[in-house]
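The lines below spell out each chain.
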Amino acid sequence: MASSDSRKNGLLVAYDALAAPGTAVNLVADLLEEGFLRHSPLGGEVLLFEHRGRALGRTLTGGDGRALISFTPKRVGVETVSVRLAESRRVAAQEATAGIFVWDRRRPIVIVSAKALMPLPRKPAVDLPLPRSGATLQNPDGGAVHALAAVAKRVHVLYVIAGDRLELPEVRRWVNGYRLPPGPVFLLKPGPAGLSYEVDRRRQEGWTNIRGGLVVAADEAKALVEKGLKAVVPPTASSQEKWPEKAVTAKDWTEVARHLAS
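Residues numbered from 1 in each chain as written. Predicted model: local features only at pLDDT ≥ 70, side-chain atom pairs only at ≥ 80, totals over all residues. Heavy atoms only, no water.

K.L.:
Even after reading the chapter, I still don't get helix α5 (residues 253–261), so can you show me in this structure?
P.N.:
Every α-helix carries 3.6 residues per turn, so stepping three or four residues along brings you back to the same face. Most of α5 is tucked away: 7 of the 9 residues are buried. Within α5 the residues assigned to the buried category are Trp253, Glu255, Val256, Ala257, His259, Leu260 and Ala261. Looking at the packing, one finds that the buried side of α5 touches β10 (109–113), α1 (144–151), β13 (210–214), β14 (230–233) and β15 (248–249). The N-terminus of α5 is capped by aspartate 252, whose side-chain oxygen sits 3.2 Å from the backbone nitrogen of threonine 254. (Buried < 20%, exposed > 50% of the residue type's maximum accessible area, 1.4 Å probe, protein only. Helix = DSSP H or I, 4+ residues; strand = E, 2+ residues; numbered from the N terminus. Contact = heavy atoms within 4.5 Å. Polar contact = N/O pair within 3.5 Å; in protein donor to acceptor, adjacent residues only side chain to side chain.)

K.L.:
For this particular structure, what's the right way to read the pattern of salt bridges?
P.N.:
Any two side chains of opposite charge can pair, so long as their charged atoms come close to each other. In the structure shown here, the tally under the stated rule is 13 salt bridges. Here aspartate 104 and arginine 106 are joined by a salt bridge, their closest N and O atoms 2.7 Å apart. You can call aspartate 104 partly exposed: its relative accessible area is 27%. Residue arginine 106 is classed as exposed on the basis of its relative accessible area of 73%. As a salt-bridge pair, glutamate 226 and lysine 222 come within 3.9 Å of each other at their nearest N and O atoms. You can see glutamate 226 and its partner lysine 222 sitting in helix α4 (residues 218–226), 4 residues apart, about one turn around the helix. Among the charged side chains, a salt-bridge network with shared partners connects Glu198, Arg201, Arg202 and Glu205. (Salt bridge = Lys/Arg side-chain N within 4 Å of Asp/Glu carboxyl O.)

K.L.:
Explain the confidence of the model for the protein chain here, please?
P.N.:
Should pLDDT be low for a region, the predicted coordinates there are not to be read in detail. When the pLDDT values of the protein chain are averaged, the result is 91; 92% of them are 70 or greater. A low-confidence stretch, residues 124–134 (pLDDT under 50), is modelled with 25 contacts involving residues beyond four sequence positions or located in other chains. (pLDDT = per-residue confidence, 0-100.)

K.L.:
Before we go on, may I ask you to explain the packing of helix α3 (residues 194–204) against α4 in this structure?
P.N.:
Packed helices, taken two at a time, are described by their axes: the angle between them and the distance between them. Interhelical geometry of α3 versus α4 gives an angle of 35° and a closest axis separation of 8 Å. With respect to the hand of their crossing, α3 and α4 are arranged in right-handed fashion. Two secondary-structure elements touch here, α3 through Leu195, Ser196 and Val199 and α4 through Glu220, Ala223 and Leu224. Tallied by class, the residues present in the contact of α3 with α4 amount to 4 nonpolar, 1 polar and 1 charged. (Axes fitted to C-alpha atoms, helices over the stretch in contact; angles between N-to-C directions. Left-handed = near helix turned anticlockwise from the far one by under 90°. Nonpolar A, V, L, I, M, F, W, Y, C, P; charged D, E, K, R; others polar.)

K.L.:
What am I meant to see in the packing of aromatic side chains here?
P.N.:
Enumeration over the complete set of coordinates arrives at 3 aromatic pairs. Plain terms: the ring middles of phenylalanine 101 and tryptophan 103 are 6.4 Å apart, the flat faces sit at 70° to each other, and that makes the pair edge-to-face. Take phenylalanine 101 and tryptophan 103: they sit in the same class, and that class is buried. Summarising the aromatic geometry, the rings of tryptophan 174 and tyrosine 178 are spaced 6.3 Å apart at their centres and angled 65° between planes, so their arrangement reads as edge-to-face. Taking NZ or CZ as reference, arginine 105 lies 4.3 Å from the ring centre of tryptophan 207, over its face. (Phe/Tyr/Trp six-rings, centres within 6.5 Å; stacked < 30°, edge-to-face > 60°. Lys NZ or Arg CZ within 6 Å of the ring centre and 35° of its normal.)

The following block contains the structure:
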């Protein structure tokens, strides 16, 4: 076998999953080659999925570097799945983890844009993606944590970000570190229709109880309003955005909590 020094450095990305008890869900992971500007997919490698120390199965990455396996959770709650690379002659990668959020479909869901919880930058700037893995995200705004804690007593919270998949572990640590309500973190597709696609995807999976969401940009608000959902604009949002007429602009975080929970 070749020495580890001759192997490529790989990156494993595991994705959170949303499921209902007794319903099968696909657990997904990507294996990528570590690079400075580009992360090429690594196909033909075996990934091992584990849950509570037990093997769920092993599967081969395709040409896009992606591997998936089916899993059926039995009860409501939050589970953790780990993904690791089987012994390989050409790639080395650290283990990755993701959450399986098993929810009762009857409880409403609100979608929260991670950026909507952060204070506005002091200088007007080009809208940049969230920092790459290893960088530090801004602290949540003053009342955001308390507001979401109040909201989570009545609804489930689902987080979304627009950026790179390598940012997902950092955003999960950010959510946990500031004790925000637990919820899956999903990556939006690039472009103004990203949130619209996310809503359609969840509805197709049977999550028809999405109530609305907390948005950070006008295109996100528009996506929710056009689907008959409530779009709440937080006090952290830019006044330069052209918000849809039906969007709710909150003056403070108490008002945010009231609109999201009602």
